[in-house]
Amino acid sequence: MEKRKINIERELRCKSANIIWPLLSTPEGLAKWIADEVKRNDDTLTFTWGEVWRHHEIRNATIIEEEKGDHIRYAWENDEPEAYWELRIEKSDITNDYILIITDHALPEDIDSLKDIWESNLEQLHHSTGL
């Protein structure tokens, strides 16, 4: 079965891409809201959830496209070639704040749980940064 694309948008109460961009593109920024630990080696990022000495999960993602200050696209290791997840920022014409647009892919039966994971990540982003 083929994965389907999902989009999630969240307005960030921030008018500076220089504040938002590192949260989307650096290991330190991603560790504030997506995983417990993120390490980078060239274009490969290693995401760790949980404590290494206890139950944990480790996944690798490769940066497949990046336009600084605009979007960054990742692909999970061993995932379908057309499946990726992307973090994009756009400026709102109405509020002048930035909007974070998340694009991801999931099997139809996993769409709701993937949306829940992203909502939880976005709550963590707000909690750790105020955005």
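Structure first, text after, so check above.
Notes on the structure in this doc start here.

So, how was this worked out
Residues numbered from 1 in each chain as written. Predicted model: local features only at pLDDT ≥ 70, side-chain atom pairs only at ≥ 80, totals over all residues. Heavy atoms only, no water. Core = buried A, V, L, I, M, F, W, Y, C linked by side-chain atoms within 4.5 Å. Buried < 20%, exposed > 50% of the residue type's maximum accessible area, 1.4 Å probe, protein only. Contact = heavy atoms within 4.5 Å. Pairing = 2+ DSSP bridges. Helix = DSSP H or I, 4+ residues; strand = E, 2+ residues; numbered from the N terminus. Axes fitted to C-alpha atoms, helices over the stretch in contact; angles between N-to-C directions. Polar contact = N/O pair within 3.5 Å; in protein donor to acceptor, adjacent residues only side chain to side chain. Phe/Tyr/Trp six-rings, centres within 6.5 Å; stacked < 30°, edge-to-face > 60°.

Let us now look at the nonpolar core. Among the nonpolar cores identified, the biggest contains 34 residues, and W33, F47, L87 and L100 are the most heavily contacted of them. What L100 contacts, discounting residues up to four positions off in sequence, is I8, E9, R10, L12, L24, W33, L87, R88, I89, L122 and L125.

This part covers the sheet that holds strand β6 (residues 85-91). One open sheet accounts for seven strands, arranged β1-β7-β6-β5-β4-β3-β2; its pairing is antiparallel. At either margin of the open sheet sits one strand with a lone partner, and together these are β1 (4-12) and β2 (37-41). The average undirected angle you get between the axes of adjacent strands in this sheet is 25°. Relative to strand β5 (residues 71-76), helix α1 (residues 17-25) is tilted by about 10°, and along the sheet it contacts β1, β2, β4 (56-67), β5, β6 and β7 (98-106). Sheet contacts for helix α3 (residues 111-129): β1, β6 and β7; angle to β1, the most-contacted strand, approximately 20°.

A separate point is the environment of E65. Note on placement: E65 falls in strand β4. Each C-alpha atom, one on E65 and one on E86, is 9.0 Å from the other, the two residues being 21 residues apart in sequence. Contacts of E65, omitting those with residues within four sequence positions, involve H71, I72 and R73. A distance of 2.6 Å separates the side chain of E65 from the side chain of H71, its partner in a polar contact.

Turning our eyes to something else, we now look at the packing of aromatic side chains. Tallying each qualifying case throughout the model produces eight aromatic pairs. Relative to W49, the ring of F47 lies with its centre 6.0 Å away and its plane at 15°, an arrangement referred to as stacked. With centroids separated by 4.4 Å and ring planes inclined at 20°, the aromatic side chains of Y74 and W85 adopt a geometry described as stacked. Of this pair, Y74 sits in strand β5 while W85 sits in strand β6, placing them 11 residues apart in sequence. Take Y74 and W85: they sit in the same class, and that class is buried. Grouped by ring-pair contacts, the aromatic residues W33, F47, W49, Y74, W76, W85 and W118 constitute a single cluster.

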